[in-house]
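Letter by letter, the chains look like this.
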Amino acid sequence: MTLASPKFRRPRKPYRPRKTAPRYLLSCACSLLGNSVAGVILPLVLLATTGDALAAGTLALICAVPQFVIGLIGGALTDRFNRRNVSIVSDILSAVSVALLPVVDMVWGLSFGWFVALGLLGAIGDIPGMTARDSLVPAVCERDGRSLQKFMGLTQSLDSLVVIAGPALAAFLMGAAGSVNALWFTAAMSLSAALLTLTLPRSLGAVCGAATPAARPTATCIGTAGTQPRRGLLSGAWRALRDGVRVLFASDTLLRSSMLISFGIVMVMGSLQGLVLPVHFTAANSPELLGYVLSAMSAGMLASSLGYAALAHKLRRRTWYILSLTGMALGILGLGLLPPFPLLIASALMLGLSAGPISALLGFFIFDRIPAENRGSALGTQNSLTLAAAPVSVFATSLVVEGAGVSVAALALAGCWMLITVWALNTHSLKYLDDKESHPDPIPFVPDAERV
């Protein structure tokens, strides 16, 4: 008998796949941090280049429609190709678009036209990448055996942390290397996100063709949706919009209500942060105070998101929902009154502390209710509609500011949120969040091409 005989062989340890959630979260952090830093630097570079404060608004207006279309195409891509691969390619495109800005500045010199061209290239990378990365969340949770509800709390905490760190890091980079050269950091972050996503298993992003939740674990998942008819990207984008709208708004009342509240949050908070508060502090000759208010809001969101991630199952979902909506109403009302600075800080902190749980809850409902095979088109449609909703809300608010003043605009936004809160607390689909029988699985969506 030799040492190689079966008697002396040590039994192999059972194979345990490496956890994917830490790498996924780190990839998201790199991408979000790069975007946060760029969000601070790019407007300053654009203003320094053109000398025109209206240029930023014009650039957003020019890019709005292409971004909407690109978002729909991104949804079509993530339901046709491997979602992990789409995320990798998108991050690489984002890195290239940002890295070209300092290159162009060195070789030819930046102009408004270059900002438009590279902004569109960045949109081609950013928006489909965001959709593809969001589509991976349920697969990551399923592979690692994590609670989707708690994981959404972690991702919300990550968003809040990046919002706090990004502006401070941008200020440091601009001071150390200059505004244009600081964009190399953003490009490096996007490239790092792509490399980290590359370490995730390819099977994580496979498109599943199963029609029912029970069939998904055993369904055949391939890199391209072979069971779907091949279409051009534009026709695929139109189909993604049509299918996404049906999934989000027609197949499930809970999902529809969650989407409507999400749009309300984006429109009201986007107008407060992006227009009303900047105008208020500029008129008071204290624009630097805006950063403190936004930091208080972000710090509150970080604390509440971490608390929700740790204590999500300690309270009923309906309890979290009521507490969060009520606190947000108080915070937005406080901001809408435009009180003295200490009360503004307190209102922003209250808003942040209240917004974390409901943001995580709404994200959980959206991911939990969207069928896996329609996740790309649904999330692509959601991202595109969100991109359209925010500028529309800001533009409408700007009309009120011009016609009636910033105080009236702030009160109008607070009033809109009060109406949203009353509706959200009383709508039937959101009254029984813990009762499975009140929210059965959504009706499986059948595309037009498969209907008889």
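All residue numbers refer to positions counted from 1 along the written sequence of the respective chain. Where totals are concerned, whole chains, interfaces and linings use all residues; where local detail is concerned, this predicted model gives features only for residues with pLDDT of at least 70, and gives and counts side-chain atom pairs only at 80 or more. Side-chain numbers here rest on the full set of heavy atoms in the structure, without hydrogens or water.

Strands are runs of DSSP state E lasting at least 2 residues, helices are runs of H or I lasting at least 4, and numbering of each runs from the N terminus. The helix and strand tally for the protein chain stands at 14 helices and two strands. Residue burial in the protein chain is summarised as follows: out of 452 residues, 48% are buried. Should any heavy atoms of two residues lie within 4.5 Å, those residues are considered in contact. Long-range contacts, defined here as pairs at least 24 residues apart, represent 83% of the contacts in the protein chain between residues at least 6 apart. Buried, partly exposed and exposed residues are distinguished by accessible area as a fraction of the type maximum, computed with a 1.4 Å probe on protein chains only: under 20%, between the cut-offs, and over 50%, respectively.

Put simply, buried Ala, Val, Leu, Ile, Met, Phe, Trp, Tyr and Cys residues joined by side-chain atoms within 4.5 Å make one nonpolar core. Counting 70 residues, the largest nonpolar core has Tyr 24, Tyr 321 and Met 328 as its most contacted members. Looking at this core, the element that brings in the most residues is helix α9 (residues 253-283), giving 13 residues. Setting aside its immediate chain neighbours within four residues, Tyr 24 contacts Arg 133, Asp 134, Leu 136, Val 137, Val 140, Phe 151 and Leu 200.

This next bit is on the environment of Ala 123. With respect to the helices and strands, the residue Ala 123 is situated in helix α4 (residues 112-135). Along the chain, Ala 123 and Phe 68 lie 55 residues apart, while their C-alpha atoms are 9.5 Å from each other. For Ala 123, the residues in contact, after removing those within four places along its chain, are Gln 67, Ile 70 and Pro 128.

Below, the discussion takes up helix α12 (residues 341-369). The length a helix should cover is 1.5 Å for every residue beyond the first. Taking 1.5 Å per residue, 29 residues should reach 42 Å; α12 reaches 41 Å between its end C-alpha atoms and fits that length. At Ala 355, α12 shows its largest kink, close to 30°, and the proline Pro 357 lies no more than four residues downstream. The angle separating two fitted axes, one through the seven residues that finish at a residue and one through the seven that start at it, defines the bend at that residue.

With that settled, the discussion passes to unusual backbone geometry. For Leu 338, which is not a glycine, the phi torsion comes out positive at approximately 50°. Looking at the secondary structure, you find Leu 338 in the loop between α11 (317-336) and α12.

With that out of the way, let us pick up the packing of helix α3 (residues 83-107) against α4. Axis definition: a line fitted to C-alpha atoms, limited for helices to the stretch in contact. Angles are taken between N-to-C directions and run from 0 to 180 degrees. Between α3 and α4, the least distance of the axes is 8 Å, while the angle of their chain directions is 155°. With respect to each other, α3 and α4 are oriented roughly antiparallel. In this structure, the crossing between α3 and α4 has a hand that is left-handed. Along the lines of polarity and charge, the residues of the contact of α3 with α4 split into twelve nonpolar, eight polar and four charged. Each angle is binned into one of four classes, with values under 35 degrees roughly parallel, values over 145 roughly antiparallel, values of 65 to 115 roughly perpendicular, and all other values oblique. Handedness of a crossing follows from how the near helix is turned relative to the far one, being left-handed for an anticlockwise turn of less than a right angle and right-handed for a clockwise one. Residue type decides the class: Asp, Glu, Lys and Arg count as charged, Ala, Val, Leu, Ile, Met, Phe, Trp, Tyr, Cys and Pro as nonpolar, and the leftover types, Gly among them, as polar.

This paragraph deals with the packing of aromatic side chains. The criterion for an aromatic pair is that two Phe, Tyr or Trp rings (for Trp, the six-membered ring) have centres within 6.5 Å, with stacked assigned to planes under 30 degrees apart, edge-to-face to planes over 60 apart and tilted to the rest. Taken as a whole and judged by the stated rule, the model has one aromatic pair. Ring centres 5.6 Å apart and planes at 15° place the aromatic pair Trp 108 and Trp 114 in the stacked group. A relative accessible area of 62% means that Trp 108 is categorised as exposed. Assessed through its relative accessible area of 30%, Trp 114 is described here as partly exposed.

The next subject is the state of the cysteines. Any cysteine sulfur atom paired with another within 2.5 Å is treated as part of a disulfide. In the structure shown here, the tally under the stated rule is zero disulfides. No disulfide involves Cys 30; its nearest neighbouring cysteine sulfur is the one of Cys 28, lying 9.5 Å away.

Attention shifts here to a nonpolar patch on the surface. Think of a patch as exposed residues, more than 30% relative accessible area, with no salt bridge, where like charges cluster within 9 Å and nonpolar side chains (Val, Leu, Ile, Met, Phe, Trp, Tyr) cluster within 5 Å. Throughout, the Shrake-Rupley method with a 1.4 Å probe supplies accessible areas, and for residues the shown protein chains are the sole cover considered. One side-chain nitrogen of Lys or Arg within 4 Å of one carboxyl oxygen of Asp or Glu is enough to make a salt bridge. Taken together, the side chains of Ile 92, Val 96, Leu 100, Leu 191, Leu 195 and Leu 198 define a hydrophobic patch exposed on the protein surface, amounting to about 490 Å² of accessible area. Elements supplying a minimum of two residues to the nonpolar patch: α3 and α7 (183-198). Mapped onto the fold, Leu 100 is located in helix α3.

This brings us to the packing of α9 against helix α14 (residues 406-426). Closest axis-to-axis distance for the α9/α14 pair is 10 Å, and the angle between their directions is 165°. On the basis of the axis angle, α9 is roughly antiparallel to α14. As for the relative orientation of α9 and α14, their crossing is left-handed in sense. Here Ser 257, Leu 260, Ile 261, Gly 264, Ile 265, Val 268, Ser 271, Leu 272, Val 276, Val 279 and His 280 of α9 come into contact with α14, specifically with Val 406, Ala 409, Ala 410, Leu 413, Trp 417, Ile 420, Trp 423 and Ala 424. Along the lines of polarity and charge, the residues of the contact of α9 with α14 split into 15 nonpolar, four polar and no charged.

A word on the confidence of the model for the protein chain. A score between 0 and 100, pLDDT records how confident the predictor is in each residue. In this model, the protein chain carries a mean pLDDT of 74, and residues with pLDDT of at least 70 account for 75%. Put simply, strand β2 (residues 221-222) is where the protein chain has its lowest mean pLDDT, 42, and α7 is where it has its highest, 90. When the criterion is pLDDT under 50, residues 209-230 qualifies, and its contacts beyond four places in sequence or with other chains add up to 35 contacts. Counted against residues more than four places away or in other chains, residues 443-452, with its pLDDT under 50, gives 16 contacts.

In this fold, Thr 186 is placed in helix α7. Two N or O atoms form a polar contact when they lie within 3.5 Å of each other; inside protein one atom must be a possible hydrogen donor and the other a possible acceptor, and for residues adjacent in sequence the pair counts only when both atoms belong to side chains. Among the polar contacts made by the side chain of Thr 186, one reaches the main-chain carbonyl oxygen of Gly 34 at a distance of 3.3 Å. Apart from residues lying up to four places away in sequence, Thr 186 is in contact with Gly 34, Val 37, Ala 38 and Val 98.

The next subject is the environment of Met 259. Examined against the element boundaries, Met 259 turns out to sit in helix α9. In sequence terms Met 259 and Ile 366 are 107 residues apart; their C-alpha atoms lie 7.6 Å from each other. In this structure, Met 259 is in contact with Leu 248, Phe 249, Ile 366 and Gln 382, ignoring residues within four places of it in sequence.

Following the sequence through the fold, Met 174 ends up in helix α6 (residues 148-177). Accessibility expressed as a relative area gives 18% for Met 174, which makes it buried. Along the sequence, Met 174 and Ile 41 sit 133 residues apart, while their C-alpha atoms lie 7.8 Å from each other.

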